[in-house]
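Tertiary structure, described
Take a look at the letters that make up each chain.
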Amino acid sequence: MVVRSVPKNFTLVDLGDVAREIYFINQGIMRYFYITEDGKDITGFVYLDNMFAGSIDSFFSQTESTQILETLSDCELLVLGYSSLHELFDEIPKMNVLVRKLIQVRMAHALKIIAALIINKPEQRYTAFTELHPGIEQKIPQHILASFMGITPVSLSRIRKRRIERHTDST
């Protein structure tokens with residue numbers, strides 16, 4: 001792995017690229033998103049400090065990415081290339097186990113996000129996310145956070161307003 005500093009709003013994997021690297025975020029915020037037919041971008045995931053990030057399906061299958069991976073802040077990353085990972089698999093067989101476990105954790109987390117989108121109301125999703133990552137809502141643009149929550153920016157504004165009102169009423 002090599003250390004790489006990447007500026008805010010930098011595209012690491014573009015639509016149609018084959019992802020040649022995966023990243024561990026030492027510091028920073030990233031997201032992957034999709035572009036709909038009508039040109040809207042929909043955030044699929046937000047990556048934070050101490051997370052692995054990448055266009056995972058493109059990386060492991062070495063096919064064109066259907067998503068875009070970009071930085072939302074300046075990032076310090078540990079970068080691992082596709083061929084380097086396979087060299088590690090050959091040299092250290094237990095790396096296969098480690099990567100499998102990381103993928104299992106990632107898959108379980110993705111399923112929780114999908115379940116939350118289906119089962120939970122928008123305010124519950126927002127509350128859970130902000131409780132898990134305190135202060136993060138100040139670091140991510142509102143339209144991106146709303147997209148990740150599966151709601152409109154206007155709905156997110158209403159949720160935030162209600163939370164502030166409840167907080168001021170209770171004090």
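Above this text you will find the structure in question.
Being a predicted model, the structure only gives us computed values, none of them experimental. (Residues numbered from 1 in each chain as written. Predicted model: local features only at pLDDT ≥ 70, side-chain atom pairs only at ≥ 80, totals over all residues. Heavy atoms only, no water.)

Comments concerning the overall build of the chain
Regarding its fold elements, the chain presents six helices and eight strands. Traced from its N-terminal end to its C-terminal end, the chain shows the element sequence β-β-β-β-β-β-α-β-β-α-α-α-α-α. Principal-axis analysis of the C-alpha atoms places the extent of the chain at approximately 60 × 35 × 30 Å. Residues classed as buried in the chain amount to 36% of the 171 residues present. In the chain, once contacts between residues fewer than 6 apart in sequence are set aside, the share between residues at least 24 apart is 66%. Roughly 10300 Å² of accessible area belongs to the chain as shown, and the carbon and sulfur atoms make up 57% of that amount. (Helix = DSSP H or I, 4+ residues; strand = E, 2+ residues; numbered from the N terminus. Buried < 20%, exposed > 50% of the residue type's maximum accessible area, 1.4 Å probe, protein only. Contact = heavy atoms within 4.5 Å. Areas by Shrake-Rupley, 256 points an atom, 1.4 Å probe, with all protein chains shown as cover.)

Structural notes on the side chain of E123
Along the polypeptide, E123 turns up in helix α4 (residues 122-132). Residue classification places E123 among the buried positions, given a relative accessible area of 19%. With residues near it in sequence (within four places) discarded, E123 still touches I159, R162, R163 and R166.

Quick look at the nonpolar core
Of all hydrophobic cores here, the largest spans 39 residues; its most connected members are M30, Y47, L69, L77 and I140. When residues of this core are assigned to their parent elements, the largest contribution, five residues, is made by helix α5 (residues 142-149). Not counting chain neighbours up to four residues away, the residues in contact with Y47 comprise I25, G28, I29, M30, R31, Y32, F52, A53, G54, L69 and R106. (Core = buried A, V, L, I, M, F, W, Y, C linked by side-chain atoms within 4.5 Å.)

Some details on the packing of aromatic side chains
For the structure on display, the rule yields eight aromatic pairs. Pairing F24 with F52 gives two aromatic rings, centres 5.1 Å apart and planes at 65°, and the pair type is edge-to-face. In this pair, F24 is assigned in strand β3 (residues 21-27) and F52 in strand β6 (residues 52-53), connecting sequence segments 28 residues apart. Note on F52: relative accessible area 33%, which makes it partly exposed. On the numbers, 5.7 Å between centres and 90° between planes, the contact of Y32 with Y34 is edge-to-face. Here the aromatic cluster, defined as three or more aromatic residues joined through ring pairs, consists of Y32, Y34, F45, Y47, F129 and F148. In this arrangement the basic side chain of R31 is found over the ring face of F33, its NZ or CZ atom lying 3.8 Å from the centre. Just above the ring of F45 sits the side chain of R106; from NZ or CZ to the centre is 5.6 Å. (Phe/Tyr/Trp six-rings, centres within 6.5 Å; stacked < 30°, edge-to-face > 60°. Lys NZ or Arg CZ within 6 Å of the ring centre and 35° of its normal.)

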